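Coordinates in review
Residue strings, one per chain:
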Amino acid sequence: MKKNILITGSNGQIGKELTESFKEKNNASNIICLDLIKGKQNHFKFYKCNILDYEKLNSIFKKEKINEVYHLAAYLSAKAENNMNLAWKVNMDGLQNILELSVKYNIKKVFWPSSIAVFGEDATKTKTKQNEKTNPNSIYGITKVLGERLCEFFFKNYKLDIRSVRFPGLIGHKSMPGGGTTDYAVDIFYSAVKKEKFSCFLKENTLLPMMHMDDSIRAIHEIMNCESKQIKIRTSYNISGCSFNPKNIFDEIKKYINEFKITYKPDFRQNLAESWPNSIDDTEAKKDWNWKSNYKISEIVKSMLENIK
């Protein structure tokens, strides 16, 4: 059956690739894109709309007869710390708008991404488990924890079939990063290809979970396409790719570009990174809906360099 799918934040790092993935799959559904800025997805219907504008959102839901939502609009970690008020409104009020409208219009399924930022300094760092305490020290992490609880509330009280994964740092070549603490792992490739010295805002040994964008897009499709009864966790699932630090990725790049150089100048993002896990246990996602990542660091580096060149 043909579906009318709404993707908010369609011009963002995940949004661009998710919309294109529907086209590549030759999906017969209607894709409706929503963002503050129009991207290059000319083959999709687009609405310029602020996620905080409830009335305009309501009119879009009504007009387009939406029956599936991918809510990606968000204020990311590093940007959020510099504008807490806006981050709160976008990440919390925006999510509530989508959830309320999804109930109002009987939306069949909703996807919303959480983050490893839900974990704080007191969480176990290595192989952080699904049920590890979520006590973040960033406004971004706080909005993600509360967002998870809000999603669970709407599932329990309104039977809204909302599904979520906790993304690690995402690395892709089709769009520039949007203000995240792990963005160095995208920016570094552009400097490498230009043969410019790269200035990294994290220390060389800052180990963080990362994921190739192809894996993240596949995770979204897989969790949304499985049966509702398979989804046992209605907050958000841990999913894992691979973990590395800036020196690891620098050393891997040098196998291809020997003259590449790097300097380390940690800034406020270092504290955020140090509060997060260095690896993730995704046993529950593997068990419930057969999740498995495909990319390791060597494959990520090869893919990024080939595509950016």
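Check the entry above for the structure.
Structural notes, computed from the coordinates. Note that this is a predicted model, so its numbers are computed, not measured.

Rules behind the numbers
- Residues numbered from 1 in each chain as written.
- Predicted model: local features only at pLDDT ≥ 70, side-chain atom pairs only at ≥ 80, totals over all residues.
- Heavy atoms only, no water.
- Helix = DSSP H or I, 4+ residues; strand = E, 2+ residues; numbered from the N terminus.
- Buried < 20%, exposed > 50% of the residue type's maximum accessible area, 1.4 Å probe, protein only.
- Areas by Shrake-Rupley, 256 points an atom, 1.4 Å probe, with all protein chains shown as cover.
- Lys, Arg positive; Asp, Glu negative; His and termini not counted.
- Charge placed at Lys NZ, Arg CZ, Asp CG, Glu CD.
- Axes fitted to C-alpha atoms, helices over the stretch in contact; angles between N-to-C directions.
- Parallel < 35°, antiparallel > 145°, perpendicular 65-115°, else oblique.
- Left-handed = near helix turned anticlockwise from the far one by under 90°.
- Contact = heavy atoms within 4.5 Å.
- Nonpolar A, V, L, I, M, F, W, Y, C, P; charged D, E, K, R; others polar.
- Expected span 1.5 Å × (residues − 1).
- Pairing = 2+ DSSP bridges.
- Polar contact = N/O pair within 3.5 Å; in protein donor to acceptor, adjacent residues only side chain to side chain.

A tally of helices and strands in the chain yields 11 helices and 14 strands. Taken along the three principal axes of its C-alpha coordinates, the chain extends 55 × 45 × 40 Å. Each of the 309 residues in the chain was classed as buried or not, and the buried ones make up 58%. When the accessible surface of the chain is split by element, carbon and sulfur atoms take 47% of a total near 13,800 Å². Averaging the coordinates of the 49 positive side-chain charges in the chain and doing the same for the 36 negative ones gives two points 4 Å apart.

On to the packing of helix 8 (residues 246-254) against helix 11 (residues 297-308), then. Viewed as axis vectors pointing N to C, helix 8 and helix 11 meet at an angle of 55°, and their least axial separation amounts to 10 Å. Considering their axes alone, helix 8 and helix 11 lie oblique with respect to each other. Remark: the crossing between helix 8 and helix 11 carries right-handed chirality. On helix 11, the residues touching Asn248, Ile249, Glu252 and Ile253 of helix 8 are Ile297, Ser298 and Val301. Looking at the contact of helix 8 with helix 11 residue by residue, the class counts come to 4 nonpolar, 2 polar and 1 charged.

Its place among the elements puts Glu306 in helix 11. When its relative accessible area of 52% is taken as the criterion, Glu306 is described as exposed.

Here we take up helix 1 (residues 13-24). The end-to-end C-alpha distance of helix 1 is 17 Å, a good match for the 16 Å that 12 residues give at a rise of 1.5 Å each. Along helix 1, the residues that are buried comprise Gln13, Ile14, Gly15, Glu17, Leu18, Thr19, Ser21 and Phe22.

Ordered in space as 9-11-13, the 3 strands form an open sheet in which the pairing is mixed. With one partner strand each, in any of the chains shown, strand 9 (169-171) and strand 13 (242-244) form the two edges of the open sheet. Averaged over all pairs of adjacent strands, the angle between their axes in this sheet comes to 45°, without regard to strand direction. Of the strand pairs in this sheet, strand 9 and strand 11 (residues 208-212) are connected by 3 bridges, and their pairing is parallel.

Take Arg166: it is sitting in strand 8 (residues 165-167). Within the local environment of Arg166, its side chain forms a polar contact with the backbone oxygen of Gln130, the two atoms lying 3.1 Å apart.

On to the sheet that holds strand 3 (residues 45-48), then. Read across the open sheet, the 6 strands follow the order 3-2-1-4-5-7; overall the sheet is parallel. On the outer flanks of this sheet lie strand 3 and strand 7 (162-163), each paired with one strand and no other. Strands strand 4 (68-71), strand 5 (109-111) and strand 7 of the sheet are contacted by helix 7 (residues 213-225), whose axis makes an angle of about 155° with strand 5.

Turning our attention to the pairing of strand 2 (residues 30-35). Across the 6 residues of strand 2, 5 count as buried, placing the element largely inside the fold. Summarising the sheet, strand 2 and strand 3 pair through 4 bridges and their orientation is parallel. Following the sheet pairing, Asp35 is matched in strand 3 by Lys48.

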